[in-house]
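# Secondary and tertiary structure notes
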Amino acid sequence: MYEFWLKDEKNGIDLLLPVSLPSYEIDYGNDIETINSSNVGDINIAGHRKLSTVVLKCFFSQNEYTFSKKSFSNAMEYVDLIKKWIDEKSVIRFIIADETSTKVNEQYYIESIVYSEDGQSN
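Residues numbered from 1 in each chain as written. Predicted model: local features only at pLDDT ≥ 70, side-chain atom pairs only at ≥ 80, totals over all residues. Heavy atoms only, no water.

## With respect to the overall build of the protein
Assigned secondary structure in the protein consists of one helix and eight strands. Secondary structure elements of the protein, listed N to C terminal, follow the sequence β-β-β-β-β-β-α-β-β. Across the 122 residues that make up the protein, the buried fraction comes to 25%. Put simply, 51% of the contacts in the protein that link residues at least 6 apart link residues at least 24 apart. For the protein, the accessible area works out to roughly 9,100 Å², and carbon and sulfur atoms hold 47% of it. (Helix = DSSP H or I, 4+ residues; strand = E, 2+ residues; numbered from the N terminus. Buried < 20%, exposed > 50% of the residue type's maximum accessible area, 1.4 Å probe, protein only. Contact = heavy atoms within 4.5 Å. Areas by Shrake-Rupley, 256 points an atom, 1.4 Å probe, with all protein chains shown as cover.)

Structure below.
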């Protein structure tokens, strides 16, 4: 099972997401410029590499579960730390790894966080 880490190397903060994610999405590609030539038609010209983006859907629970690896005692502590990184424009290293391999090890800015509560306080 992979672990998902967010690391603020400048401030020495390592955040292990408490629940291994069932999936993640990374967008990677080039800018492509299309030029229309009246003699030839559309011509695509590859530009520079676009910045890659990552989309994660996480679960921060208030409750203890056998499958969770908690770094904080309170779910809002995760949210507050991520919001702080956004406000400070921190560069965060994102790592997906297990005992034998690393799938992702890149630096990103966190653009946004969307969070909600379901109203259950068990």
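Moving on from the model shown.
## Observations regarding the nonpolar core
Grouped together as the largest cluster of nonpolar side chains are 18 residues, with contacts concentrated most on Leu6, Leu15, Phe60, Ile82, Trp85 and Phe94. Ranked by residues supplied to this core, first place goes to helix α1 (residues 75-87) with six residues. Look past the residues within four positions of Ile82 in its chain and what remains in contact with it is Leu6, Leu15, Phe60, Ile110 and Ile113. (Core = buried A, V, L, I, M, F, W, Y, C linked by side-chain atoms within 4.5 Å.)

## Re the environment of Phe94
Looking at the element boundaries, Phe94 is found in strand β7 (residues 91-97). In contact with Phe94, not counting residues within four places along its chain, are Phe4, Trp5, Leu6, Val54, Leu56, Val104, Asn105, Glu106 and Tyr108.

## Considerations on the sheet that holds strand β2 (residues 13-16)
Spatially, β2-β1-β7-β8 is the arrangement adopted by the four strands of the open sheet, whose pairing is antiparallel. Looking along the sheet, the strands with just one partner apiece sit at the ends: β2 and β8 (102-109). Each adjacent strand pair in this sheet contributes to an overall mean axis angle of 20 degrees, direction not counted. As defined by bridge partners, strand β1 (residues 3-8) adjoins β2 across four bridges and the pair is classed as antiparallel. What sits directly across from Leu6, in β2, is Leu15. Packed on one face of the sheet, α1 meets β1, β2 and β7 and runs near 130 degrees to β2. (Pairing = 2+ DSSP bridges. Axes fitted to C-alpha atoms, helices over the stretch in contact; angles between N-to-C directions.)

## Structural notes on the environment of Tyr28
Tracing the chain through its elements places Tyr28 in the loop between β3 (25-27) and β4 (30-37). Each C-alpha atom, one on Tyr28 and one on Ser52, is 4.7 Å from the other, the two residues being 24 residues apart in sequence. Residue contacts for Tyr28: discarding those within four places in its chain leaves Arg49 and Ser52.

## Section: the pairing of β7
Among the seven residues of β7, six are classified as buried, and the element is accordingly described as predominantly covered. Bridge analysis of β7 against β8 gives seven bridges, and the strand direction is antiparallel. Looking across to β8, one finds that Ile95 is bridged to Asn105. Remark: four residues form the turn of the hairpin made by β7 and β8, two consecutive strands paired antiparallel.

## Overview of α1
With 13 residues, α1 extends 19 Å from end C-alpha to end C-alpha; this agrees with the ideal 18 Å at 1.5 Å per step. Residues of α1 that are buried in the fold lie against β1, β2 and β7. Positive phi shows up at Lys89, right after α1, with a value of about 55 degrees. (Expected span 1.5 Å × (residues − 1).)

Everything listed is a geometric property; what it means functionally is a separate question.
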